Amino acid sequence: MIIKKVAESKFNDSVFDTKAFGSEFSDHMLIAHYKDGKWSEPEIRPYGPISLTPAAMSFHYGQTIFEGMKAYKNENDEVFIFRPEKNFERFNLSASRLNMPEVPKEIFIDGLKTIVDIDRQWVPKNYGTSLYIRPVMFATEETVSARAANEYIFAILLAYAPSYYEKPLSVKIADFYSRAAQGGVGFAKCGGNYAASFFPAAEVQKEGYDQIIWTDSISHKYIEEAGTMNVMVRIGNKLLTAPTSERILNGVTRDSVLTLAKDAGYDVEIRPVEVQELYDAYKSGELKEVFGCGTAVVITQYNAIGFGDERAQLTDLPEEESFALSLKKKLKDIQYGLVEDPYQWRVKIEK
(Lines give C-alpha, C1' and ligand atoms only; values in the text may rest on other atoms or scores of the structure.)
Protein backbone atom coordinates (compact mmCIF):
# COMPACT_ATOMS: atom_id res chain seq x y z
CA MET A 1 0.00 0.00 0.00
CA ILE A 2 1.21 3.49 -0.86
CA ILE A 3 -0.13 6.32 1.30
CA LYS A 4 -0.99 9.39 -0.80
CA LYS A 5 -1.11 12.95 0.49
CA VAL A 6 -1.70 14.81 -2.74
CA ALA A 7 -1.12 18.56 -2.78
CA GLU A 8 -2.50 21.24 -5.07
CA SER A 9 -0.20 21.41 -8.07
CA LYS A 10 2.23 24.31 -8.49
CA PHE A 11 2.91 23.29 -12.09
CA ASN A 12 2.85 25.79 -14.94
CA ASP A 13 4.26 25.57 -18.46
CA SER A 14 7.09 28.01 -17.69
CA VAL A 15 8.85 25.11 -15.95
CA PHE A 16 9.67 23.77 -19.41
CA ASP A 17 11.55 26.98 -20.29
CA THR A 18 14.38 26.28 -17.85
CA LYS A 19 17.75 25.21 -19.24
CA ALA A 20 19.08 23.86 -15.93
CA PHE A 21 19.00 20.09 -15.55
CA GLY A 22 17.36 18.76 -12.39
CA SER A 23 16.51 22.05 -10.68
CA GLU A 24 12.74 22.27 -11.20
CA PHE A 25 11.15 19.63 -8.96
CA SER A 26 7.62 18.31 -9.32
CA ASP A 27 4.81 18.59 -6.80
CA HIS A 28 5.41 15.35 -4.93
CA MET A 29 8.02 12.98 -3.54
CA LEU A 30 7.87 9.44 -2.19
CA ILE A 31 9.32 8.72 1.25
CA ALA A 32 9.78 5.40 3.07
CA HIS A 33 11.63 4.83 6.36
CA TYR A 34 13.72 1.82 7.36
CA LYS A 35 13.92 1.13 11.09
CA ASP A 36 14.03 -1.93 13.36
CA GLY A 37 14.81 -4.14 10.37
CA LYS A 38 11.78 -3.28 8.23
CA TRP A 39 10.43 -0.69 5.81
CA SER A 40 7.49 1.56 6.62
CA GLU A 41 4.54 2.00 4.25
CA PRO A 42 5.77 4.38 1.53
CA GLU A 43 4.10 7.77 1.50
CA ILE A 44 3.67 10.19 -1.38
CA ARG A 45 3.61 13.70 0.01
CA PRO A 46 4.19 17.26 -1.23
CA TYR A 47 7.79 17.85 -2.29
CA GLY A 48 9.79 19.78 0.27
CA PRO A 49 12.49 19.71 2.93
CA ILE A 50 12.90 16.88 5.41
CA SER A 51 14.38 17.18 8.88
CA LEU A 52 17.74 15.51 9.58
CA THR A 53 20.13 15.83 12.48
CA PRO A 54 23.73 16.80 11.63
CA ALA A 55 24.67 13.49 13.27
CA ALA A 56 22.82 11.53 10.56
CA MET A 57 25.30 8.87 9.54
CA SER A 58 25.11 9.57 5.79
CA PHE A 59 26.84 12.91 6.42
CA HIS A 60 29.79 11.19 8.07
CA TYR A 61 30.26 7.80 6.46
CA GLY A 62 28.82 8.20 2.98
CA GLN A 63 26.07 5.60 2.92
CA THR A 64 24.18 7.19 0.04
CA ILE A 65 23.08 5.57 -3.21
CA PHE A 66 20.84 6.64 -6.06
CA GLU A 67 19.55 5.84 -9.53
CA GLY A 68 18.71 7.93 -12.58
CA MET A 69 15.71 7.25 -14.79
CA LYS A 70 13.37 9.19 -17.07
CA ALA A 71 9.70 9.48 -17.97
CA TYR A 72 8.60 10.43 -21.50
CA LYS A 73 5.32 11.59 -23.06
CA ASN A 74 4.15 11.08 -26.64
CA GLU A 75 1.75 13.18 -28.70
CA ASN A 76 -1.21 11.20 -27.34
CA ASP A 77 -0.29 12.20 -23.78
CA GLU A 78 0.74 8.63 -22.97
CA VAL A 79 3.56 8.50 -20.40
CA PHE A 80 6.33 5.88 -20.44
CA ILE A 81 9.30 4.94 -18.30
CA PHE A 82 12.28 3.03 -19.64
CA ARG A 83 13.56 -0.32 -18.36
CA PRO A 84 12.74 0.30 -14.67
CA GLU A 85 13.56 -3.29 -13.71
CA LYS A 86 17.22 -2.71 -14.64
CA ASN A 87 17.42 0.34 -12.37
CA PHE A 88 15.69 -1.57 -9.56
CA GLU A 89 18.21 -4.40 -9.82
CA ARG A 90 21.17 -2.02 -9.90
CA PHE A 91 19.85 0.03 -6.98
CA ASN A 92 19.77 -3.04 -4.77
CA LEU A 93 23.19 -4.12 -6.04
CA SER A 94 24.51 -0.74 -4.86
CA ALA A 95 22.68 -1.15 -1.55
CA SER A 96 24.25 -4.54 -0.99
CA ARG A 97 27.77 -3.26 -1.70
CA LEU A 98 27.36 -0.39 0.80
CA ASN A 99 25.82 -2.70 3.40
CA MET A 100 22.43 -1.00 3.19
CA PRO A 101 19.01 -2.71 3.21
CA GLU A 102 17.51 -3.67 -0.13
CA VAL A 103 14.33 -1.86 -1.16
CA PRO A 104 11.36 -4.15 -1.94
CA LYS A 105 10.01 -4.15 -5.48
CA GLU A 106 6.57 -3.01 -4.35
CA ILE A 107 8.12 0.14 -2.90
CA PHE A 108 10.57 0.88 -5.74
CA ILE A 109 8.63 -0.11 -8.88
CA ASP A 110 5.08 0.49 -7.65
CA GLY A 111 6.21 3.70 -5.98
CA LEU A 112 7.78 5.22 -9.07
CA LYS A 113 4.78 4.27 -11.24
CA THR A 114 2.42 5.89 -8.72
CA ILE A 115 4.35 9.12 -8.30
CA VAL A 116 4.92 9.54 -12.05
CA ASP A 117 1.19 9.06 -12.61
CA ILE A 118 0.31 11.67 -9.97
CA ASP A 119 2.76 14.20 -11.47
CA ARG A 120 2.29 13.23 -15.13
CA GLN A 121 1.62 16.86 -16.13
CA TRP A 122 5.29 17.48 -15.35
CA VAL A 123 6.34 15.13 -18.16
CA PRO A 124 7.08 17.30 -21.23
CA LYS A 125 6.19 16.36 -24.81
CA ASN A 126 9.10 17.99 -26.60
CA TYR A 127 11.50 15.50 -28.18
CA GLY A 128 14.74 15.53 -26.25
CA THR A 129 13.18 16.61 -22.95
CA SER A 130 11.82 14.40 -20.18
CA LEU A 131 10.99 14.12 -16.50
CA TYR A 132 14.03 12.90 -14.55
CA ILE A 133 13.38 10.31 -11.84
CA ARG A 134 15.82 10.13 -8.93
CA PRO A 135 15.40 7.23 -6.47
CA VAL A 136 17.79 7.77 -3.54
CA MET A 137 18.57 6.13 -0.19
CA PHE A 138 20.67 7.52 2.66
CA ALA A 139 21.51 6.67 6.27
CA THR A 140 19.61 8.66 8.90
CA GLU A 141 20.56 7.02 12.20
CA GLU A 142 21.72 9.63 14.74
CA THR A 143 25.22 8.59 15.81
CA VAL A 144 28.81 9.15 14.78
CA SER A 145 29.85 5.55 15.36
CA ALA A 146 31.84 4.24 12.36
CA ARG A 147 29.66 1.35 11.19
CA ALA A 148 26.74 0.64 8.88
CA ALA A 149 23.60 2.49 9.94
CA ASN A 150 20.42 0.86 11.19
CA GLU A 151 18.03 3.54 9.90
CA TYR A 152 17.51 4.89 6.37
CA ILE A 153 15.23 6.94 4.17
CA PHE A 154 14.32 5.86 0.64
CA ALA A 155 12.93 8.64 -1.53
CA ILE A 156 11.88 9.23 -5.13
CA LEU A 157 12.18 12.77 -6.51
CA LEU A 158 11.08 14.04 -9.93
CA ALA A 159 12.61 16.98 -11.81
CA TYR A 160 12.24 18.46 -15.28
CA ALA A 161 15.07 17.44 -17.62
CA PRO A 162 15.88 19.64 -20.61
CA SER A 163 18.41 18.45 -23.16
CA TYR A 164 21.61 17.88 -21.19
CA TYR A 165 24.37 18.69 -23.68
CA GLU A 166 23.63 20.76 -26.78
CA LYS A 167 27.05 20.35 -28.40
CA PRO A 168 29.87 17.80 -28.65
CA LEU A 169 32.32 17.79 -25.74
CA SER A 170 36.09 17.73 -25.43
CA VAL A 171 37.59 15.18 -23.06
CA LYS A 172 41.04 14.52 -21.64
CA ILE A 173 42.31 11.03 -20.87
CA ALA A 174 43.23 10.65 -17.20
CA ASP A 175 46.84 9.68 -16.54
CA PHE A 176 46.99 10.28 -12.78
CA TYR A 177 43.59 10.52 -11.07
CA SER A 178 41.27 7.51 -10.93
CA ARG A 179 37.52 7.20 -10.67
CA ALA A 180 37.49 3.74 -9.07
CA ALA A 181 39.80 0.93 -7.96
CA GLN A 182 39.59 -2.84 -8.24
CA GLY A 183 37.65 -4.23 -5.30
CA GLY A 184 36.04 -0.83 -4.69
CA VAL A 185 32.61 0.62 -5.37
CA GLY A 186 32.99 1.82 -8.96
CA PHE A 187 30.08 -0.36 -10.13
CA ALA A 188 27.74 1.13 -7.50
CA LYS A 189 25.88 4.43 -7.88
CA CYS A 190 27.05 5.90 -4.59
CA GLY A 191 27.67 9.54 -3.81
CA GLY A 192 31.36 9.15 -3.06
CA ASN A 193 32.15 8.09 -6.63
CA TYR A 194 30.89 11.41 -7.88
CA ALA A 195 32.34 13.59 -5.12
CA ALA A 196 35.82 12.22 -5.82
CA SER A 197 35.49 13.02 -9.53
CA PHE A 198 34.74 16.74 -9.21
CA PHE A 199 38.29 17.95 -8.48
CA PRO A 200 39.94 16.09 -11.40
CA ALA A 201 37.15 17.34 -13.67
CA ALA A 202 37.80 20.91 -12.53
CA GLU A 203 41.51 20.45 -13.26
CA VAL A 204 40.98 19.41 -16.88
CA GLN A 205 38.47 22.21 -17.34
CA LYS A 206 41.31 24.63 -16.53
CA GLU A 207 43.07 23.14 -19.56
CA GLY A 208 40.07 23.82 -21.79
CA TYR A 209 38.40 20.40 -21.69
CA ASP A 210 34.83 19.65 -20.69
CA GLN A 211 35.29 16.25 -19.08
CA ILE A 212 37.57 13.28 -18.37
CA ILE A 213 37.95 9.85 -19.88
CA TRP A 214 38.82 7.76 -16.85
CA THR A 215 41.43 5.02 -17.09
CA ASP A 216 42.27 2.01 -14.95
CA SER A 217 43.73 2.89 -11.55
CA ILE A 218 46.79 0.63 -11.80
CA SER A 219 48.47 1.46 -15.12
CA HIS A 220 46.23 4.14 -16.71
CA LYS A 221 46.59 2.14 -19.93
CA TYR A 222 42.93 1.22 -20.47
CA ILE A 223 39.92 3.49 -20.90
CA GLU A 224 36.98 2.85 -18.59
CA GLU A 225 34.35 5.60 -18.35
CA ALA A 226 33.91 9.17 -19.53
CA GLY A 227 32.86 11.71 -16.91
CA THR A 228 29.74 10.12 -15.43
CA MET A 229 29.03 8.02 -18.53
CA ASN A 230 30.04 4.79 -20.15
CA VAL A 231 32.28 5.41 -23.16
CA MET A 232 32.29 3.88 -26.63
CA VAL A 233 34.90 4.12 -29.37
CA ARG A 234 34.56 3.60 -33.12
CA ILE A 235 37.73 2.54 -34.88
CA GLY A 236 37.07 2.05 -38.57
CA ASN A 237 33.64 0.43 -38.58
CA LYS A 238 34.15 -1.42 -35.31
CA LEU A 239 32.42 -0.25 -32.12
CA LEU A 240 34.43 -0.91 -28.95
CA THR A 241 33.62 -0.54 -25.26
CA ALA A 242 35.15 -1.76 -22.03
CA PRO A 243 33.53 -4.69 -20.21
CA THR A 244 31.73 -3.87 -16.97
CA SER A 245 33.62 -4.72 -13.81
CA GLU A 246 33.97 -3.70 -10.17
CA ARG A 247 35.29 -0.38 -11.53
CA ILE A 248 32.79 0.31 -14.29
CA LEU A 249 29.08 1.03 -13.93
CA ASN A 250 26.76 -1.37 -15.75
CA GLY A 251 24.81 1.37 -17.50
CA VAL A 252 21.23 0.80 -18.64
CA THR A 253 21.81 3.12 -21.60
CA ARG A 254 25.08 1.29 -22.37
CA ASP A 255 23.25 -2.05 -22.49
CA SER A 256 20.50 -0.58 -24.67
CA VAL A 257 22.96 1.02 -27.11
CA LEU A 258 24.94 -2.21 -27.46
CA THR A 259 21.74 -4.16 -28.18
CA LEU A 260 20.68 -1.66 -30.85
CA ALA A 261 24.18 -1.63 -32.39
CA LYS A 262 24.33 -5.42 -32.68
CA ASP A 263 20.82 -5.59 -34.14
CA ALA A 264 21.77 -2.89 -36.67
CA GLY A 265 24.59 -5.12 -37.87
CA TYR A 266 27.46 -3.12 -36.41
CA ASP A 267 30.66 -4.95 -35.56
CA VAL A 268 30.71 -4.69 -31.75
CA GLU A 269 33.53 -5.76 -29.42
CA ILE A 270 33.28 -5.65 -25.62
CA ARG A 271 36.89 -5.85 -24.44
CA PRO A 272 39.63 -3.80 -22.76
CA VAL A 273 40.49 -0.80 -24.94
CA GLU A 274 43.99 0.62 -24.64
CA VAL A 275 44.73 4.34 -24.66
CA GLN A 276 47.57 3.58 -27.09
CA GLU A 277 45.10 1.88 -29.42
CA LEU A 278 43.02 5.06 -29.49
CA TYR A 279 46.06 7.20 -30.14
CA ASP A 280 47.35 4.95 -32.92
CA ALA A 281 43.91 4.95 -34.53
CA TYR A 282 43.80 8.74 -34.36
CA LYS A 283 47.21 9.01 -36.00
CA SER A 284 46.21 6.62 -38.78
CA GLY A 285 42.85 8.32 -39.37
CA GLU A 286 40.88 5.28 -38.23
CA LEU A 287 39.48 6.84 -35.04
CA LYS A 288 36.06 7.82 -36.36
CA GLU A 289 34.01 8.50 -33.22
CA VAL A 290 34.20 8.55 -29.43
CA PHE A 291 31.04 9.10 -27.43
CA GLY A 292 29.57 8.77 -23.96
CA CYS A 293 26.21 7.24 -23.08
CA GLY A 294 24.09 7.53 -19.96
CA THR A 295 20.57 8.27 -18.75
CA ALA A 296 20.94 12.04 -18.54
CA VAL A 297 22.64 12.55 -21.92
CA VAL A 298 21.48 9.45 -23.84
CA ILE A 299 24.50 9.81 -26.15
CA THR A 300 26.91 12.71 -26.38
CA GLN A 301 29.70 12.95 -28.95
CA TYR A 302 33.30 13.98 -28.24
CA ASN A 303 35.00 16.20 -30.79
CA ALA A 304 38.42 16.44 -29.14
CA ILE A 305 40.50 14.11 -26.98
CA GLY A 306 43.50 15.08 -24.88
CA PHE A 307 46.41 12.61 -24.93
CA GLY A 308 48.83 14.19 -22.45
CA ASP A 309 49.81 17.55 -23.94
CA GLU A 310 48.39 16.69 -27.35
CA ARG A 311 44.84 17.65 -28.24
CA ALA A 312 43.42 15.35 -30.92
CA GLN A 313 40.64 16.96 -32.93
CA LEU A 314 38.14 14.51 -34.41
CA THR A 315 36.47 15.01 -37.77
CA ASP A 316 32.75 15.77 -37.73
CA LEU A 317 30.91 12.99 -39.54
CA PRO A 318 27.74 13.65 -41.54
CA GLU A 319 24.68 12.51 -39.62
CA GLU A 320 24.04 9.61 -42.00
CA GLU A 321 27.57 8.24 -41.38
CA SER A 322 27.64 8.59 -37.58
CA PHE A 323 27.09 5.53 -35.42
CA ALA A 324 26.50 7.77 -32.41
CA LEU A 325 23.75 9.85 -33.98
CA SER A 326 22.04 6.84 -35.57
CA LEU A 327 21.99 4.90 -32.30
CA LYS A 328 20.82 7.95 -30.36
CA LYS A 329 17.85 8.41 -32.68
CA LYS A 330 16.92 4.72 -32.55
CA LEU A 331 16.99 4.74 -28.75
CA LYS A 332 15.10 8.01 -28.30
CA ASP A 333 12.41 6.99 -30.78
CA ILE A 334 11.74 3.91 -28.65
CA GLN A 335 11.78 5.92 -25.42
CA TYR A 336 9.32 8.50 -26.76
CA GLY A 337 6.93 5.89 -28.16
CA LEU A 338 7.48 6.94 -31.79
CA VAL A 339 8.32 3.45 -33.06
CA GLU A 340 7.60 -0.12 -32.10
CA ASP A 341 9.49 -1.46 -29.10
CA PRO A 342 10.58 -5.01 -30.00
CA TYR A 343 12.56 -5.32 -26.75
CA GLN A 344 9.66 -4.44 -24.43
CA TRP A 345 11.82 -1.79 -22.77
CA ARG A 346 9.07 0.82 -22.62
CA VAL A 347 6.66 0.65 -19.66
CA LYS A 348 3.44 2.62 -19.94
CA ILE A 349 2.25 4.49 -16.84
CA GLU A 350 -1.43 3.78 -16.51
CA LYS A 351 -3.74 6.49 -15.22
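Caption draft 1: Representation of the layout of surface pockets within the structure. When its volume is computed, the largest pocket comes out at roughly 730 Å³. Contributing to the lining of the largest pocket are 37 residues, with Tyr 132, Arg 134, Tyr 194, Thr 228 and Ala 296 lying nearest its centre. Element by element, the count of residues in the lining of the largest pocket is highest for helix α4 (residues 191-206), at six residues. Residues belonging to the lining of the largest pocket are distributed by class as follows: 20 nonpolar, 12 polar and five charged. In this structure, the second largest pocket encloses a volume near 380 Å³. Surrounding the second largest pocket, 22 residues form its lining, Tyr 165, Val 297, Ile 299, Lys 328 and Lys 332 being those nearest its centre. Mapped by element, the contributors of at least two residues to the lining of the second largest pocket are β6 (69-73), β17 (298-307) and α7 (323-335).

Caption draft 2: Inspection of the side chain of Asn 74 at higher detail. Within the fold, Asn 74 resides in the loop between β6 and β7 (79-82). Within the structure, the side chain of Asn 74 is placed 2.8 Å from the side chain of Glu 78, a separation counted as a polar contact.

Caption draft 3: Broad picture of the packing of aromatic side chains. Within the structure shown, the criterion is met by 21 aromatic pairs. Both rings, one in Tyr 72 and one in Tyr 336, keep their centres 4.8 Å apart while their planes meet at 70 degrees; by these two values the pair is edge-to-face. Residue Tyr 72 is found in strand β6, and its partner Tyr 336 is found in the loop between α7 and β19 (346-348); the two are separated by 264 residues along the sequence. Overall, Tyr 72 belongs to the buried group, its relative accessible area being 3%. Note on Tyr 127 and Tyr 336: the rings are 5.0 Å apart at their centroids and 40 degrees apart in plane angle, and the pair reads as tilted.

Reading guide: rules and limits
- Residues numbered from 1 in each chain as written.
- Predicted model: local features only at pLDDT ≥ 70, side-chain atom pairs only at ≥ 80, totals over all residues.
- Heavy atoms only, no water.
- 1 Å grid on protein atoms, 1.4 Å probe; cavity = no way out; pocket = protein on both sides within 12 Å on 5 of 7 lines; lining within 4 Å.
- Points joined across faces, edges and corners; volume = space filled by probe spheres on them.
- Helix = DSSP H or I, 4+ residues; strand = E, 2+ residues; numbered from the N terminus.
- Nonpolar A, V, L, I, M, F, W, Y, C, P; charged D, E, K, R; others polar.
- Polar contact = N/O pair within 3.5 Å; in protein donor to acceptor, adjacent residues only side chain to side chain.
- Phe/Tyr/Trp six-rings, centres within 6.5 Å; stacked < 30°, edge-to-face > 60°.
- Buried < 20%, exposed > 50% of the residue type's maximum accessible area, 1.4 Å probe, protein only.

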